[in-house]
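Letter by letter, the chains look like this.
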Amino acid sequence: MSGSHRGNLRRLHVAVDSPVHRLDPAAELVGTVAFAVVVAGTPRHAVAVFALEAAVLVVVVVVSRIGARRVLARLAVVTPFIVFALAIPFVAHGPRTEVGGVPVSTEGLWAAWNVVARTTLGATAAIVMSATTPLPSMLEGMARLHVPRVVVAIVSSMVRYVELLAAQLARMRTAMVSRGHDPRWLWQVGPVAASVGMLFVRSYERGERVHGAMVARGFTGTLVVSDRPAVATADWVAALAPAAVSAVAVVVWVVGR
Amino acid sequence: MLVAMHAPDGFLGPGVAVVTAVISIVVIGLALRHASAELDDRQVPLAGISAAFIFAAQMFNFPVAAGTTGHLLGGALAAILLGPWVGALVVAVVVVVQALLFADGGITALGYNVLNMAIVPAFAGWALFLLWRKVMPRSSGGVVGAAGLACGMTVVLSATAFSIEWLFGATAPIPFDTVFGAMVGVHALIGIGEGLLSALVVGAVMAARPDLVAGARDLSAEEIGDRRPVGARAFAIGGVLVAIVFAVVVSQFAFDDPDGLERVAQDHGFIDRAQDHAVAGSPFADYATRGIGNAQLSLAVAGLAGVVVTLLVAYGLTTATRRVPPRWSLHTTSSS
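These numbers come from a predicted model, not from an experiment. (Residues numbered from 1 in each chain as written. Chains lettered and ligands numbered in written order. Predicted model: local features only at pLDDT ≥ 70, side-chain atom pairs only at ≥ 80, totals over all residues. Heavy atoms only, no water.)

**Digging into the pattern of salt bridges**
So, point 1. Enumeration over the complete set of coordinates arrives at nine salt bridges over all chains.
So, point 2. Across the pair E205 of chain A and R209 of chain B runs a salt bridge, and its minimum N-O distance is 2.6 Å. Of this pair, E205 of chain A sits in helix α9 (residues 189–216) while R209 of chain B is found in the loop between α7 (176–208) and α8 (221–225), placing the two residues in two different chains.
So, point 3. For E205 of chain A, a relative accessible area of 26% translates into the label partly exposed.
So, point 4. Measuring nitrogen to oxygen at the nearest pair gives 2.9 Å for the salt bridge that ties R209 of chain B to D211 of chain B. (Salt bridge = Lys/Arg side-chain N within 4 Å of Asp/Glu carboxyl O. Helix = DSSP H or I, 4+ residues; strand = E, 2+ residues; numbered from the N terminus. Buried < 20%, exposed > 50% of the residue type's maximum accessible area, 1.4 Å probe, protein only.)

**Some details on the environment of L101 of chain B**
So, point 1. As for its position among the elements, L101 of chain B is in helix α4 (residues 84–102).
So, point 2. Contact partners of L101 of chain B, with chain neighbours within four places excluded, come to L9, L12, S130, L135 and M138 of chain A. (Contact = heavy atoms within 4.5 Å.)

**Focus: the domain arrangement of chain A**
Residues and elements named next belong to chain A.
So, point 1. When its domains are assigned, chain A resolves into domain 1 (12–141 + 228–256) and domain 2 (144–216).
So, point 2. Across the boundary between the two partners, domain 1 contributes 13 residues, which contact six residues of domain 2.
So, point 3. Remark: the boundary between domain 1 and domain 2 carries one salt bridge.
So, point 4. Between D24 and R144 there is a salt bridge, with the nearest N and O atoms lying 3.0 Å from each other.
So, point 5. Viewed at the interface, domain 2 and domain 1 are joined by four residue pairs in polar contact (both at pLDDT 80 or more).
So, point 6. Secondary-structure elements contributing two or more residues to the side of domain 1 that touches domain 2 are α2 (25–41) and α7 (135–144).
So, point 7. Among the elements that line the side of domain 1 that touches domain 2, the one with the most residues is α7, at four residues.
So, point 8. Looking at the side of domain 1 that touches domain 2 residue by residue, the class counts come to nine nonpolar, one polar and three charged. (Domains from an automatic or database assignment. Polar contact = N/O pair within 3.5 Å; in protein donor to acceptor, adjacent residues only side chain to side chain. Nonpolar A, V, L, I, M, F, W, Y, C, P; charged D, E, K, R; others polar.)

Okay, here's the thing in structure tokens:
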């Protein structure tokens, strides 16, 4: 449903050089999560604060040189929620306001704004992070943030094989078509589902083979993590700056009301 | 589907986000422990590649009608293939990666997204699967039938989980019953597709490598060899049971009587307070709880009556439109 962007893990990272790219991945992860938390905690009536948060993000996007067009293209993933948000004012209860002659719920309008603003800002922050941090660095950052090693290892073996499995599925589809199937119609659902079932079998068997290869090379179940110097203070300051600025703005807005 | 799946940042209130995050972290921590006990040192490659499989399977678009496609959600399917603990872990990894890398689902929404898409489907799906296994024959066909029914119903349960979270953390003045009705209605349709697809996928795996299906480990080789499809009757009975359960249970929640609501509010003297609340920060948290608690029995009876009437109408329609088997004969066709 969410389109062809999925699985293109290689194309996530935008290989240019910028201060955002040079940030330590652990600091950037924390900074992104902190920014998303502040956005989620911004009161819905604080339009000025949302505007400031958007401005901060625009600055980060410009500094990171990943290109506004690419960010907008990846934002397409949130479209369903924007559509949902536009429906809220019509189904919500409460006092009504006229918008272009149509009575809509006032509180519903605020709720719609709330969804649009938070969804866009939160998603943009995640997009900037994945575009400026190569996957291996992100995994290393997770490990240094004390995410359990086994989780990091599972995620890293997942991202390592996603494209391979997607390509395998595409080959199975080609094979189906060459056997005379036309997987665009409902009655073709049987052979299509059979391919997915076979993909599971092949994935599991591949997992067993990979495990065998790992054991042969001396894998004992414990994972080695390379030692890296601690995150520099400058990186922490830079990565947490957007969240800090936004948090201060929220506090000022709440106190000043 | 769009609403329950991959909810963005700030979609539900901060309280719900924190509480569901704590629940999700605890359950996934337990799942990690169980998975490493079950898979031993095979855990990393097997769980990782299985997560990649779920990720890839969600990319595969199934035909619904010309031009329209849908894809597997796979939460309950993962549990049936891999067991509930490994299944929950694997789908949770997928959900987290989708949020971090693809902005598909908010980072601060991960608590409820993991709960609704990984934990609830894996454990509710597994429980329903075991229940259906008791009804179905002990055979490959029985496993496939139980998988289909369990996966389909699990989609509706995920939608219910989201609706319940909405009850505690609504961010818009839409009452619980509206959200619940819309969510369950849409997801009942999606559930039919999910159930059908999951059954076919499990059927394919049962045919090729039945030993890989965690939900069929208890079957003997002979029972696995019994691949007769479960008869239409078992499915009809299953469908009727599902309809009855939903009519009785769902009607308890889908209480839509504004007059009754107002009267309850007046009786308890909180109608003024309710208006105060409407101006406050998060006024909708308890919007619909007031609707529950009254006249459950009559609702259940009404729901049951609805099912009976619907079944009678359906029976009438099928008998009325049943094609009379034509008596093929060259002579009669040529002479008429």
